[in-house]
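Below are the chains, spelled out letter by letter.
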Amino acid sequence: LKRLNDRLELSPEQEEQIRPIVRRNMELLNRIRNSSMAETKTVVEGMQREISEKLTPEQRTKFEQMNRELREMRESREKAERHGHFAEFVALMYLRLKGYRLLAQRFKSPQGEVDLIMRRRDVTAFIEVKARGSRDRGVEAVTITQSRRISAAARFWMARDRISNRNCCRFDIVVVRPYLLPHHI
């Protein structure tokens, strides 16, 4: 609501009319958080229509522009996510050919997420997959903050998995590059 107010310069009356619309729809979005993208899109579009009805023509034009920008950002994010999922699949197949067995994919814990958890013999590998143009850019893409989250998720996994807890564990990076075999580090 604050971003709307900043961009559209809402009057106090408009803000009072729009606040319950936003609150009601945000509660609905929280309830259907794990639902399909289509359901979420339906709720968001309905909220946008309701808000649009409360705006002046000039504000409506700005609001539509703002929605276009948000849509473009979402589509870009969705494309990047699909690309990342494809890179995970390529890395998974590559590692399976090297003799690794999949334990978990996109493992989420309260502290973080690990793309792949795989085991080969007595070693459990917590693997971060990066799709980049070069190996160096892929390695550089794993930030310190990200490595801490991966490490925390790995500790969470190891607390639940006795085999991982007893044996060796390591952290790997697989860089998936266009037209080349993945690089396992």
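Predicted model, so just to flag it, every value in this text is computed and none were measured.

1. What about the pattern of salt bridges?
Here's step 1: One pass over the structure, following the stated rule, counts nine salt bridges.
Here's step 2: The salt bridge involving Glu16 is made with Arg19; its shortest N-O contact spans 3.0 Å. In this pair, Glu16 and Arg19 are both assigned in helix α2 (residues 12-31), three residues apart and thus about one turn of the helix distant.
Here's step 3: The salt bridge involving Arg170 is made with Asp172; its shortest N-O contact spans 2.9 Å.
Here's step 4: Exposure remark for Asp172: the relative accessible area of 5% places this residue in the buried category.
Here's step 5: Connected through shared salt-bridge partners, Glu15, Glu16 and Arg19 make up one network.

2. Let's talk about the packing of aromatic side chains
Here's step 1: Within this structure, the stated rule accounts for three aromatic pairs.
Here's step 2: Considering the side-chain rings of Phe107 and Trp157, the 5.1 Å spacing of their centres and the 85 degrees angle between planes classify their relative orientation as edge-to-face. Remark: Trp157 occurs in helix α6 (residues 144-160) and Phe107 occurs in strand β1 (residues 101-108); sequence separation between them is 50 residues.
Here's step 3: You can call Phe107 buried: its relative accessible area is 8%.
Here's step 4: Among the residues examined, Trp157 registers a relative accessible area of 11% and is labelled buried.
Here's step 5: Linked through ring pairs, Phe107, Phe156 and Trp157 together constitute an aromatic cluster.

3. Digging into the environment of Ala141
Here's step 1: Its location among the elements puts Ala141 in the loop between α5 (135-140) and α6.
Here's step 2: When the C-alpha atoms of Ala141 and Arg68 are compared, they prove to be 29 Å apart, with 73 residues separating the residues in sequence.
Here's step 3: Beyond its immediate chain neighbours, meaning those up to four positions away, Ala141 contacts Lys130, Arg132 and Gln146.

4. Topic: the nonpolar core
Here's step 1: Grouped together as the largest cluster of nonpolar side chains are 12 residues: Ala87, Ala91, Leu92, Leu95, Tyr100, Leu116, Met118, Ala125, Ile127, Val129, Val174 and Val176.
Here's step 2: Of all the elements in the fold, those that place two or more residues in this core are α4 (57-97), β2 (113-120), β3 (123-131) and β4 (168-176).
Here's step 3: Here the element with the most residues in this core is α4; it accounts for four residues.

5. What to know about the pairing of β2
Here's step 1: Where burial is concerned, most of β2 is hidden: six out of the eight residues are buried.
Here's step 2: Two strands pair when backbone bridges link them, and β1 and β2 are joined in this way by six bridges, in the antiparallel orientation. From the neighbouring strand, Arg101 faces β2, where its bridge partner is Arg119.
Here's step 3: The antiparallel hairpin formed by β1 and β2 contains four residues in its connecting segment.
Here's step 4: Between the antiparallel neighbours β2 and β3 lie two residues, among them Arg121 with a positive phi of about 55 degrees.

6. Description of the side chain of Asp115
Here's step 1: Take Asp115: it is sitting in strand β2.
Here's step 2: In this structure Asp115 is buried but unpaired, with Lys130 as the nearest side chain of opposite charge at 6.1 Å.
Here's step 3: One polar contact links the side chain of Asp115 to the main-chain amide nitrogen of Val129, over a distance of 2.8 Å.
Here's step 4: Setting aside chain neighbours within four positions, we find Asp115 in contact with Glu88, Ala104, Gln105, Arg106, Ile127, Glu128 and Val129.

Scoring rules and cut-offs
- Residues numbered from 1 in each chain as written.
- Predicted model: local features only at pLDDT ≥ 70, side-chain atom pairs only at ≥ 80, totals over all residues.
- Heavy atoms only, no water.
- Salt bridge = Lys/Arg side-chain N within 4 Å of Asp/Glu carboxyl O.
- Helix = DSSP H or I, 4+ residues; strand = E, 2+ residues; numbered from the N terminus.
- Buried < 20%, exposed > 50% of the residue type's maximum accessible area, 1.4 Å probe, protein only.
- Phe/Tyr/Trp six-rings, centres within 6.5 Å; stacked < 30°, edge-to-face > 60°.
- Contact = heavy atoms within 4.5 Å.
- Core = buried A, V, L, I, M, F, W, Y, C linked by side-chain atoms within 4.5 Å.
- Pairing = 2+ DSSP bridges.
- Lys, Arg positive; Asp, Glu negative; His and termini not counted.
- Polar contact = N/O pair within 3.5 Å; in protein donor to acceptor, adjacent residues only side chain to side chain.

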